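Listed below are the residues making up each chain.
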Amino acid sequence: MSSLFADASLRLEKALQYVTISEDASERLKYPKASLSVSIPVRMDDGSLKIFQGYRVRYDDTRGPGKGGVRYHPSVCLDEVQSLAFWMTFKCALLNLPFGGAKGGITVNPKLLSKAELERLSRGYIEAIADFIGPDVDILAPDVYTNEMIMGWMMDQYSIIRRRISPGVVTGKPLTMGGSQGRDTATATGAFYVINSVLPQFNQKPETTTVAVQGFGNAGVEIAHLLAKSGYKVVAVSDSQGGIYSPHGLDISSIREYKRKHLSIKGVYCHNTVCNIVEHENITNEQLLTLDVDVLIPAALEKQITVENASGVRAKFIFEVANGPITSEADKILEAKGIHVFPDILINAGGVTVSYLEWVQNRNGLYWTLKEVQEKLKEKMIEEAEAVWKIHQELGVSFRTCAYIHGLNRLNMAMSAKGTRDYYMS
Ligand code: NAD
């Protein structure tokens, strides 16, 4: 099987067919600008020393400092981090944010660490990558199995190293440390604005629209909640332990509340699953993906819909809240089936958009209300979604390719403006 990055690059190749771009720019976009691998020694609670592997990749910073989350997961590897940094590059360009793309991660099962071990690991990661990041260089944020508490530790550690308070190096921090209103729900809120504006174009009304959401974490819980609150019938949700399905619709508010209440610390993660609290049928994550629903929302990990299961997908619309949940081969199958796929680089861009707003607030020292943040987020998401829609109408190619074309045009303009910097080589 090809690497995640090789698969991700195919999307770029496809978009390049529709964009007039200099050969220099297209060549540069095929490679990450810089990749760092580090070993992080952590003193465990039992006194032993354990070494963890960490990564930070800055894919491209032509449009501004690198920007991207940090993931804690056992399957984190350089290939995955590089792919996530690649997607961030196009996402930031698509949303016209003054950022390049970056990403980080640690290969770890964080559920097995105590809170103190998790803190030492997070601070150790910053110690190891401190010279590679900074508010004007590369800015961190939460991703899978990292949260605002971890972002707070990271910002604090960086400030200790630099001997100055540096809130702008990390976004998604606690409000008390310079975080922004609305960052915790930004990914889902941004996705919601787009979903709610796109579906009416297909005459799809909330009350007659069934939805399945895979992944009940930060992004998944909130998108399920926002859709249910607006009258959509959310019939299935799942987490890493499995899923639940009720054709009459699930009571998302109480499932969300349950998940919140049962957050238990051995780490900061939920050890309970959503599986035993409502009248439902238990389903597997695999079954959830092929349910007969109108809307499918993958909000967990990459490579969930592949050649193996794409032909079984019955949804009419897929909104990618997760990064990279569909492989490029699966894309072809879904397209042939007439399924409308709205891509990750647009749908989940609300997270980085409010991260940008957080960074701006940190630099200005002036903080906005939730209403102000959400207004700005909505304006950006709708504006760029409309631009992608327009390209789709003009070219008749998939929304994914249109999203890449839109981002690519902006990257090309920035690269052309900067020139080739050939003086390095003279
Ligand atoms: P999270 O850690 O809060 O939640 C992840 C969820 O996925 C958990 O409910 C977990 O149980 C579930 N999960 C893990 N493995 C699974 C599997 N095999 N099948 C089904 N569910 C599984 O993470 P998150 O921040 O919500 O991120 C989810 C996705 O959204 C990721 O792809 C991430 O890159 C993307 N994303 C997140 C943000 C953000 O701001 N948090 C922004 C943009 C994109």
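Residues numbered from 1 in each chain as written. Predicted model: local features only at pLDDT ≥ 70, side-chain atom pairs only at ≥ 80, totals over all residues. Heavy atoms only, no water.

*Asks:* Go over the nonpolar core, please, and point to the residues and values.
*Replies:* Among the nonpolar cores identified, the biggest contains 86 residues, and Ile 297 and Phe 319 are the most heavily contacted of them. Here this core gets 10 residues from one element, more than from any other, and that element is helix 3 (residues 78-94). Each residue touching Phe 319, except ones within four places of it in the same chain, is listed here: Ile 195, Val 198, Leu 199, Val 295, Leu 296, Ile 297, Pro 298, Phe 342 and Ile 347. The next biggest cluster of nonpolar side chains, apart from the first, holds 25 residues, and it includes Ile 40, Tyr 125, Trp 153 and Val 169. (Core = buried A, V, L, I, M, F, W, Y, C linked by side-chain atoms within 4.5 Å. Buried < 20%, exposed > 50% of the residue type's maximum accessible area, 1.4 Å probe, protein only. Helix = DSSP H or I, 4+ residues; strand = E, 2+ residues; numbered from the N terminus. Contact = heavy atoms within 4.5 Å.)

*Asks:* Before we move on, could you go through the domain arrangement of the protein and cite the residues and values that matter?
*Replies:* Parsing the protein into structural domains produces domain 1 (31-177) and domain 2 (181-361 + 370-425). Using only C-alpha atoms to locate each centre, domain 1 and domain 2 end up separated by 23 Å. The interface is formed by 48 residues belonging to domain 1 together with 39 residues belonging to domain 2. Carbon and sulfur atoms supply 67% of the area that domain 1 and domain 2 bury against each other, a total of about 3600 Å² over both sides. For the interface between domain 1 and domain 2, the tally reads two salt bridges. (Domains from an automatic or database assignment. Buried area = accessible area lost by both parts, 1.4 Å probe. Salt bridge = Lys/Arg side-chain N within 4 Å of Asp/Glu carboxyl O.)

*Asks:* If you had to explain the UniProt feature "binding site: substrate" (unreviewed entry) in the protein to someone new, which residues and values would you point to?
*Replies:* Mapped onto this structure's residue numbering, the UniProt feature "binding site: substrate" (unreviewed entry) falls at Lys 67, Lys 91 and Ser 355. The greatest C-alpha distance among the residues just named is 12.7 Å, despite their covering 289 residues of sequence, which places them together in space. Positionally, Lys 67 belongs in strand 3 (residues 66-73). Within the element layout of this structure, Lys 91 appears in helix 3. (UniProt positions renumbered as here; feature names shortened; annotations may be inferred.)

*Asks:* Explain the sheet that holds strand 5 (residues 138-142) residue by residue, including any values.
*Replies:* The five strands are arranged 1-2-4-3-5 in an open sheet whose pairing can be described as mixed. Bordering the open sheet on either side are strand 1 (34-43) and strand 5, each of which pairs with just one other strand. Within the sheet, the average angular offset between the axes of one strand and its neighbour, ignoring direction, is 25 degrees. Looking at chain direction, strand 2 (residues 49-60) and strand 4 (residues 100-107) are connected through seven bridges and run antiparallel. Its bridge partner being in strand 4, Arg 56 is matched across the sheet by Gly 104. (Pairing = 2+ DSSP bridges. Axes fitted to C-alpha atoms, helices over the stretch in contact; angles between N-to-C directions.)

*Asks:* So, the site of the ligand: which residues are in play, and what are the values?
*Replies:* Taken together, 22 residues form the shell around the ligand, and within it Asp 143, Tyr 145, Thr 187, Asn 218 and Asn 323 come nearest. Here an oxygen atom of the ligand sits 2.8 Å away from a polar atom, N or O, in the side chain of Asn 323. Here the ligand loses 89% of its free accessible area of 820 Å² to cover by the protein chains. Classifying every residue of the shell around the ligand gives nine nonpolar, nine polar and four charged. (Near = heavy atom within 4 Å. Polar contact = N/O pair within 3.5 Å; in protein donor to acceptor, adjacent residues only side chain to side chain. Areas by Shrake-Rupley, 256 points an atom, 1.4 Å probe, with all protein chains shown as cover. Nonpolar A, V, L, I, M, F, W, Y, C, P; charged D, E, K, R; others polar.)

*Asks:* Could you give me a rundown of the pairing of strand 4, with the residues and numbers involved?
*Replies:* Most of strand 4 is tucked away, with seven of its eight residues classed as buried. With six bridges connecting them, strand 3 and strand 4 associate as parallel partners. Across the sheet, residue Arg 71 finds its bridge partner in strand 4, namely Gly 105. Note that the unit made of strand 3, helix 3 and strand 4 has a crossover that is right-handed. (Right-handed = clockwise from strand over helix to strand, strands pointing away.)

*Asks:* For the packing of helix 12 (residues 350-364) against helix 13 (residues 370-395), give the residues involved together with the corresponding values.
*Replies:* The description of two packed helices rests on the angle between their axes and on the distance between the axes. At a minimum axis distance of 10 Å, the contact between helix 12 and helix 13 shows a crossing angle of 130 degrees. Between helix 12 and helix 13, the interaxial angle falls into the category oblique. As helix 12 runs across helix 13, the sense of the crossing is right-handed. In contact with Gly 350, Thr 353, Val 354, Leu 357 and Gln 361 of helix 12, helix 13 contributes Val 373, Lys 376, Leu 377, Lys 380 and Met 381. In terms of residue class, the contact of helix 12 with helix 13 is built from five nonpolar, three polar and two charged. (Parallel < 35°, antiparallel > 145°, perpendicular 65-115°, else oblique. Left-handed = near helix turned anticlockwise from the far one by under 90°.)

*Asks:* Give me unusual backbone geometry: which residues, what numbers.
*Replies:* With phi around 60 degrees, Asn 96 is a residue other than glycine that occupies positive phi space. Structurally, Asn 96 can be placed in the loop between helix 3 and strand 4. According to the relative accessible area criterion, Asn 96 is partly exposed, its value standing at 37%. Positive phi is not limited to glycine here, since Lys 303 has a value of about 55 degrees. Among the secondary structure elements, Lys 303 is positioned in the loop between strand 10 (295-298) and strand 11 (317-319).

*Asks:* Describe in detail the packing of helix 1 (residues 4-16) against helix 10 (residues 328-336), supporting the description with residues and values.
*Replies:* Here helix 1 crosses helix 10 at 55 degrees, and the two axes come no closer than 9 Å. Here helix 10 runs oblique to helix 1, going by the angle between their axes. For the pair helix 1 and helix 10, the contacting residues are Asp 7, Leu 10, Arg 11 and Lys 14 in the first and Ser 328, Asp 331 and Glu 335 in the second. A class-by-class count of the residues in the contact of helix 1 with helix 10 yields one nonpolar, one polar and five charged.

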